[in-house]
Amino acid sequence: MPVRGSASKIGDVVLRGDGLLNHDLLPDEKGPQDQCGVFGVWAPGEEVAKLAFFGLYSLQHRGQESAGIATSDGEKILVYKDMGLVSQVFSESALESLVGHIAVGHNRYSTTGASSWRNAQPTLGRTSSGTVALAHNGNLTNTADLLDLLKQRYPDQDSNEITGGNTTDTAVLTALLAGDLDHTLEATALELLPQVKGAFCLAFMDETTLYAARDPQGVRPLVLGRLERGWVVASETAALDIVGASFVREVEPGELIAIDENGLRSTRFAEVKRAGCVFEYVYLARPDTSINGRVVYDSRVDMGRELAREYPVVADLVIPTPESGTPAAIGYSQESGIPFGHGLVKNAYVGRTFIQPSQTIRQRGIRLKLNPLKEVIRGKRIVVIDDSIVRGNTQRALVQMLREAGAAEIHIRISSPPITWPCFYGIDFATRAELIATGLGVDDVRASIGADTLGYLTKDGMIAATGQEESKLCTACFTGKYPIELPLAERLGKNLLERPAGSPSDDADDPAACNPGPDSELDAIVRDAEAN
């Protein structure tokens, strides 16, 4: 059974500061949110719970709301999960209670379903021969269809994650995997996965076998590694490095891998239609991760180099917005010949708290997380490198702070194109109405944030830096061209399982609604994008 805060029972909900580290530089300004991280290990003789712990620790940037690990000793599955960071959720005693030779783990940022303990992963389901524990990175686009399928196939299934209050697409997937009592979990997965649409990287297990699967587009990364006495699957290669596993290969798009005492076997359940997320290279993945043969750090440095070629400027100093802008700033400095320096100091330990700041402190805004080095900035023409602009509030506050610190000129350079479309494949962007670049030209955005000049990296420059073919990348957040078909608005959205059936994905007139509004059908979205 899933355990929260105790090895023997579900504990009480305690109101406490969660200490979640995040990239947001303003208290109410949400930037692009990482989706989730998954980790799986099959390794007899190893402390698999601790391997999963350190794997999740290295993937913390992909989700900071909750964390969980499931283990199996060949006879039973134990799950321990809670809200918070990996280091907060697991103690030494908790890890020691998770015995076995198989483990799957998960870090969550909510892209479907609310941020709550019941929505934490791994999820559980009863199968024909035991139990399935599932960890999912990504976001499904046909969750409503899958829910209809669940009700049609298994109308009498009255005990699953959904009936227990879980409101995620992962809960629907788990119930479908567990529902077929006449077939093995592997056979059920091979029949079900071709019907699943959207972005999914899955690490799941029953009592004896570890499984990994990836959607046909390969939107999110998933890799396979080798231990001396076993195998590892993880969202990023950096997690393999942390646990001492050697990189073997990517889990291929449309592939299901099974690992048990008989070794590793691979089955293809769908044709490859590669469309990897380009924003993994821009921002989401760790810089020391390799995706499809390309080291992310090198891509970001090359983005900075190309940005310097596309938007040169006479200046005295290049500085990054910590920490995501650093590799691109290095590249910009190298290409332009303008010295690189650190003009902003970030408080890396600021997290959420239930202690509300006073109005005086709140007015300091961005200074709660960033503070300028006045001696470095004063009197200089500054080039500030950042990875993206969402609403523009953070950059506006940053420009104001740098001017107050004495900067003579402020030139903003962004190592990606303008973000003008929401993501439905696992990144929680703002809505179209909130994205500053949707309704404003580049010079209008520049005036809005108060910079002297503003330059965005072109789409072609960004793609070239990834080392991938454009046809094999998803660029939907920049172009509006979605590689996986989207359903109608009433069958789409983060709160799909938390609202009345048939109602739209939040109020289309509400600027906080994370949905594409009345043009949610694929052809309408592409038509509008091409018209612009």
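A brief structural summary. (Residues numbered from 1 in each chain as written. Predicted model: local features only at pLDDT ≥ 70, side-chain atom pairs only at ≥ 80, totals over all residues. Heavy atoms only, no water.)

**A short note on the packing of helix 4 (residues 143–153) against helix 5 (residues 169–179)**
Here is the rule we go by: Axis angles are defined between N-to-C directions and span 0 to 180 degrees, where every axis is a line fitted to C-alpha atoms and, for a helix, only to the segment in contact. Labels follow the DSSP assignment, with helices taken as runs of H or I lasting at least four residues and strands as runs of E lasting at least two, numbered in each case from the N terminus. In this scheme the crossing of two helices becomes right-handed for a clockwise turn of the near helix relative to the far one and left-handed for an anticlockwise turn of less than a right angle. It only takes one pair of heavy atoms within 4.5 Å for two residues to be counted as in contact. Side-chain classes are defined by residue name, with Ala, Val, Leu, Ile, Met, Phe, Trp, Tyr, Cys and Pro counting as nonpolar, Asp, Glu, Lys and Arg as charged, and the others, Gly among them, as polar.
Relative orientation of the contacting elements helix 4 and helix 5 amounts to 35°, with a least axis distance of 10 Å. Between helix 4 and helix 5 the crossing geometry is left-handed. Across from Thr143, Leu146, Leu147, Leu149 and Leu150 in helix 4, the residues of helix 5 making contact are Asp169, Val172, Ala175 and Leu176. A breakdown of the residues in the contact of helix 4 with helix 5 according to their chemical character gives seven nonpolar, one polar and one charged.

**Notes on the sheet that holds strand 6 (residues 123–126)**
Operational definition: Strand pairing follows a simple DSSP-based rule, namely that at least 2 bridges must link the two strands.
With respect to topology, six strands assemble into an open sheet ordered 6-7-8-9-13-14, the strand pairing being antiparallel. Strands with a single pairing partner mark the edges of an open sheet, and in this sheet they are strand 6 and strand 14 (263–268). Looking at each pair of strands side by side, their axes are set apart by 20° on average, direction ignored. Relative to strand 8 (residues 198–205), strand 7 (residues 131–140) runs antiparallel, the two being bridged by eight bridges. By the bridge assignment for strand 8, Leu134 is matched with Phe204. Across the sheet, helix 6 (residues 185–192) lies against strand 7, strand 8, strand 9 (210–214), strand 13 (255–260) and strand 14, angled at about 170° from strand 13, the strand it touches most.

**Details of the nonpolar core**
Note that soluble globular proteins tend to have their nonpolar side chains buried in a common cluster. How we decide: Throughout, nonpolar core names a set of buried Ala, Val, Leu, Ile, Met, Phe, Trp, Tyr and Cys residues whose side chains join them through atoms within 4.5 Å. The rule is simple: take the accessible area with a 1.4 Å probe, protein chains only, and divide by the maximum for that residue type; under 20% is buried, over 50% is exposed, in between is partly exposed.
Counting residues in each nonpolar core, the largest one holds 47 residues, and the members touching the most others are Phe279, Tyr332, Val383, Ile385, Tyr425 and Met462. Taken together, the elements giving at least two residues each to this core come down to helix 8 (279–284), helix 9 (296–310), helix 10 (326–336), strand 21 (381–386), helix 16 (459–466), strand 24 (473–474) and helix 17 (476–479). Top contributing element to this core by residue count: helix 8, with five residues. Residues within four places of Met462 in sequence aside, it is in contact with Val278, Val282, Met303, Ser416, Pro417, Leu457 and Phe478.

**Considerations on empty space enclosed by the protein**
We apply this condition: Cavities and pockets are found on a 1 Å grid laid over the protein atoms alone: a cavity is a set of points where a 1.4 Å probe fits but cannot escape, a pocket is an open set with protein on both sides within 12 Å along at least five of seven lines, and a lining residue has an atom within 4 Å of such a point. Grid points are joined across faces, edges and corners, and a volume is the space filled by probe spheres set on the points.
Throughout the structure, instances matching the rule amount to six cavities of 30 Å³ or more. Size it by volume and the second largest cavity reaches roughly 100 Å³. Lining the second largest cavity are 15 residues, and of these Gly218, Arg274, Gly276, Tyr281 and Ile291 sit closest to its centre. When its residues are assigned to classes, the lining of the second largest cavity shows six nonpolar, four polar and five charged.

**Structural notes on the side chain of Thr479**
Heads up, the rule is: Think of a polar contact as two N or O atoms within 3.5 Å of one another; within protein, one of them needs to be a possible hydrogen donor and the other a possible acceptor, and neighboring residues in sequence only count if both atoms come from side chains.
Within the secondary structure, Thr479 is located in helix 17. Classification of Thr479 by relative accessible area gives buried; the value is 16%. Among the polar contacts listed, one links the side chain of Thr479 to the backbone nitrogen of Lys481, at a separation of 3.2 Å.

**Things to note about helix 1 (residues 48–58)**
For helix 1, the tally of buried residues reaches eight of 11 residues, placing the bulk of the element in the interior. The set of residues buried in helix 1 consists of Val48, Ala49, Leu51, Ala52, Phe53, Gly55, Leu56 and Ser58.

**Points about a nonpolar patch on the surface**
As a reminder of what qualifies: Patch construction takes residues with relative accessible area above 30% that form no salt bridge. Like charges are linked within 9 Å, and nonpolar side chains (Val, Leu, Ile, Met, Phe, Trp, Tyr) are linked within 5 Å. A 1.4 Å probe and the Shrake-Rupley method give the accessible areas. Residues count as covered only by the protein chains that appear here. Any carboxyl oxygen of Asp or Glu within 4 Å of a side-chain nitrogen of Lys or Arg constitutes a salt bridge here.
A surface patch of nonpolar side chains, amounting to about 320 Å² of accessible area, comprises Phe54, Tyr57 and Ile242. Positionally, Phe54 belongs in helix 1.

**Quick notes on the side chain of Ser66**
Position of Ser66 among the secondary structure elements: in strand 3 (residues 66–72). By relative accessible area, Ser66 is classed as buried at 2%. Among all residues touching Ser66, those that are not within four sequence positions of it are Asp82, Met83, Gly84, His106, Asn107, Arg108 and Ala120.

**What about the packing of aromatic side chains?**
In plain terms, the rule: Whether two aromatic rings pair depends on their centres lying within 6.5 Å, for rings of Phe, Tyr and Trp, where Trp uses its six-membered ring; planes under 30 degrees apart make the pair stacked, over 60 edge-to-face, and the rest tilted. A ring is considered to have a charge above it if a Lys NZ or an Arg CZ atom is located within 6 Å of its centre and within 35 degrees of its normal.
Considering all chains together, one arrives at 10 aromatic pairs under this definition. Taking the centre distance of 6.3 Å and the plane angle of 90° together, the rings of Phe53 and Phe90 count as edge-to-face. Of this pair, Phe53 sits in helix 1 while Phe90 sits in the loop between helix 2 (86–89) and helix 3 (92–97), and the two are 37 residues apart along the sequence. By relative accessible area, Phe90 is classed as buried at 6%. Between Phe204 and Tyr211, the aromatic rings sit 4.9 Å apart at their centres with planes inclined by 15°, giving stacked as the arrangement. In this pair, the class of Phe204 matches that of Tyr211, namely buried. Taken together, the ring pairs in this structure connect Phe53, Phe54, Tyr57, Tyr80 and Phe90 into an aromatic cluster. Stacked on the ring of Trp117, the Lys or Arg Lys81 has its end atom at 5.7 Å from the ring centre.

**Let's talk about the sheet that holds strand 23 (residues 453–456)**
The strands that make up a sheet pair up through hydrogen bonds in the backbone, lying either parallel or antiparallel. Pairing is parallel across the open sheet formed by four strands, whose spatial order is 18-21-22-23. Single-partner strands in this sheet number two, and they are strand 18 (317–320) and strand 23. The sheet shows a mean angle of 20° between the axes of neighbouring strands, taken without regard to direction. With four bridges connecting them, strand 18 and strand 21 associate as parallel partners. Across the sheet, residue Val318 finds its bridge partner in strand 21, namely Val383. Where helix 13 (residues 393–404) meets the sheet, it contacts strand 18, strand 21 and strand 22 (409–414), and its direction lies at approximately 150° from that of strand 22.

**Focus: the packing of helix 9 against helix 16**
Axes are the key here: two packed helices are described by the angle between their axes and the distance separating the axes. Remark: helix 9 packs on helix 16, axes separated minimally by 8 Å, with the N-to-C direction vectors making an angle of 150°. Considering the relative orientation of helix 9 and helix 16, their crossing is right-handed. Contacts from Ser299, Asp302, Met303, Glu306 and Glu310 of helix 9 reach helix 16 at Gly461, Met462, Ala465 and Thr466. Its residues assigned to classes, the contact of helix 9 with helix 16 comprises three nonpolar, three polar and three charged.

**Describing the pattern of salt bridges**
As enumerated under the stated definition, the model contains 26 salt bridges in all. Among the ionic pairs, Arg229 bridges to Glu46, the shortest N-O distance being 3.4 Å. Of this pair, Arg229 sits in the loop between strand 10 (223–227) and strand 11 (230–234) while Glu46 sits in the loop between strand 2 (36–42) and helix 1, and the two are 183 residues apart along the sequence. Residue Glu46 is classed as partly exposed on the basis of its relative accessible area of 28%. One salt bridge connects Asp302 with Arg294, and the closest N-O pair in it is separated by 2.6 Å. Sharing partners across several salt bridges, the network here consists of Arg62, Arg220, Glu236 and Glu280.

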